[in-house]
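For reference, the chains in residue letters:
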Amino acid sequence: MAETINFLIMDGKKVPFEPGQTILEAGRAAGVDIPTLCHMKQCRPTGACRVCLVEIKGARSLVTACTMPAAPGLEVQTAGERVIAARRLVIELLLASGRHDCVTCESNGQCLLQDLAYRYQVEGVRFPRPGQYPLTESFNPLIIRDFSKCILCGRCVQACNEIQVNQAISYGYRGSRSKIVAKGDLPLEQSDCVFCGECLRVCPVGALVEKKAKGRGRSWELTKVRTTCTYCGVGCQMHLHVKNGRIIKVTGVEEAEPNRGSLCVKGRFGFEFVHSEERLTAPLIREGEEFRQVSWKEALEFTAEKFKEIKQTYGPDSLAALTSARAANEENYLMQKLVRAGFGTNNIDHCARL
Ligand code: SF4
Ligand code: SF4
Ligand code: SF4
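Residues numbered from 1 in each chain as written. Chains lettered and ligands numbered in written order. Predicted model: local features only at pLDDT ≥ 70, side-chain atom pairs only at ≥ 80, totals over all residues. Heavy atoms only, no water.

A. Broad picture of the overall build of the protein chain. Helix and strand counts for the protein chain stand at eight helices and 16 strands. In summary, the protein chain has a C-alpha radius of gyration of 27 Å against a globular reference of 20 Å for 354 residues, an excess of more than 25%. Projecting the C-alpha coordinates of the protein chain onto the three principal axes gives extents of approximately 90 × 65 × 40 Å. Split into buried and exposed, the 354 residues of the protein chain put 42% on the buried side. Residue pairs at least 24 apart in sequence account for 58% of intrachain contacts in the protein chain once pairs closer than 6 positions are excluded. For the protein chain, the exposed surface amounts to about 20900 Å²; the carbon and sulfur share of it is 54%. The average position of the 47 basic charges and that of the 39 acidic charges among the side chains of the protein chain differ by 5 Å. (Helix = DSSP H or I, 4+ residues; strand = E, 2+ residues; numbered from the N terminus. Rg over C-alpha atoms; globule rule 2.2 N^0.38 Å. Buried < 20%, exposed > 50% of the residue type's maximum accessible area, 1.4 Å probe, protein only. Contact = heavy atoms within 4.5 Å. Areas by Shrake-Rupley, 256 points an atom, 1.4 Å probe, with all protein chains shown as cover. Lys, Arg positive; Asp, Glu negative; His and termini not counted. Charge placed at Lys NZ, Arg CZ, Asp CG, Glu CD.)

What follows is the structure, given as structure tokens:
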């Protein structure tokens, strides 16, 4: 039996949709640009920011496209006058809710709220701003929480609870006192937070800031270099953000397997060893109490000779190797190949701490 294709009408055009899709999903699949601030495609929609308002023919009020299921024959306007006016008002209210001084903000140039204010030309804010905000939290060495820029979109809460399943943060208080809290409003380091930085990754504005990167370079000054995390064998894909030969921060590569933008605390924040003065950058051969720096060619030939000597004198089982869970799968595979096929022994194991 032929599959039935459902259509709705979006801005006068027929747009197909699959059962269960929302107006936002159907629109985006058809290339219709409906803006959002709170929506994350791997999480359930909340309609918290109300930027994705659209007009449905026959409905009294505008609806949020991220929560409204698509239905056959529905007539949707995504960019009519009423919709644009409503979006401008929502953006203005969000700007009025906080201290949005973009010039000094760490997110300047990579902020979704700033982009929307520009796109919809929201130039002034007619509403009174709150007199005070919860104090900025910057006790821990990794994440600064600037509540004066938080638009309460809830993305961090969803990322923590639904993507990382850490359950460390939630909405707290009510009305104008609402804020994102960790364990009954404690500093992050006293909560269940594991500092994976997923909240930092998804925050659309400058409310969550990477402490080590603050003031060290604007987004447009940093060069992105793609690489693979060296901390374990999972092989997370990451971007190093580099300025003047120094790593300023690390982010996960969006839409790339296996991590799809997520990282753990080590991958995201543990990069300073790269620039350590104590790091060995060339092989050393020990001669008595001294170490002599040698080329890789000499080091490899020397090591191979020693292995051969031990094997000939004491037999293959006198040799063994410990690999590491921190090495890539490919490196561990090559090591067992060397031990089994080269040394001729099965003495191969791994040590998680190497
Ligand atoms: S969070 Fe965005 S809108 Fe607010 S000050 Fe920073 S850049 Fe500007
Ligand atoms: S750093 Fe990770 S665990 Fe901590 S609040 Fe953010 S998402 Fe949750
Ligand atoms: S901290 Fe960022 S992600 Fe979390 S609610 Fe505030 S603006 Fe949204």
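The structure having been displayed, the exposition proceeds.
B. Region of the structure containing a nonpolar patch on the surface. A cluster of nonpolar residues, Leu-89, Leu-93 and Phe-127, forms a patch on the protein surface that exposes about 230 Å² of accessible area. Residue position: Leu-93 is located in helix H2 (residues 81-96). (Patch = residues over 30% accessible without salt bridge, like charges linked within 9 Å, V, L, I, M, F, W, Y side chains within 5 Å. Salt bridge = Lys/Arg side-chain N within 4 Å of Asp/Glu carboxyl O.)

C. Spatial organisation of helix H3 (residues 112-119). By the burial criterion, the buried members of H3 are Leu-113, Leu-116 and Ala-117. Looking straight down H3, one finds its buried side chains confined to an arc of 100°; they lie on one side. Next to the buried residues of H3 lie H2. Once H3 finishes, Gln-121 follows within two positions and takes phi at roughly 50°, a positive value. (Arc of directions from axis to C-beta.)

D. Region of the structure containing the pattern of salt bridges. Per the counting criterion, the structure on display carries 22 salt bridges. Glu-257 is the partner of Arg-260 in a salt bridge, and the nearest nitrogen-oxygen pair spans 3.0 Å. Given the relative accessible area of 40%, Arg-260 is considered partly exposed. For Arg-286, the salt bridge identified is with Glu-289, shortest N-O distance 3.9 Å. Both residues of the pair, Arg-286 and Glu-289, belong to the exposed class. Here the residues in one salt-bridge network are Lys-41, Glu-255, Glu-257 and Arg-260, joined through shared partners.

E. How the structure looks around the environment of Gly-245. Take Gly-245: it is sitting in the loop between strand E11 (237-243) and strand E12 (246-252). Residues Gly-245 and Cys-105 lie 140 residues apart in sequence; the distance between their C-alpha atoms is 24 Å.

F. Quick peek at the sheet that holds strand E4 (residues 63-64). Strand order in the open sheet formed by five strands is E2-E1-E5-E3-E4, and the pairing between neighbours is mixed. One side of each edge strand has no neighbouring strand; the edge strands of this open sheet are strand E2 (13-17) and E4. Bridging between strand E1 (residues 6-10) and E2 involves five bridges; their strand directions are antiparallel. For Phe-7, the partnering residue across the bridge sits in E2 and is Pro-16. (Pairing = 2+ DSSP bridges.)

G. Local environment of the environment of Glu-81. With respect to the secondary-structure elements, Glu-81 resides in helix H2. For the pair formed by Glu-81 and Glu-55, sequence separation is 26 residues and the distance between their alpha carbons is 9.9 Å.

On their own, these measurements won't tell you what the molecule is for.
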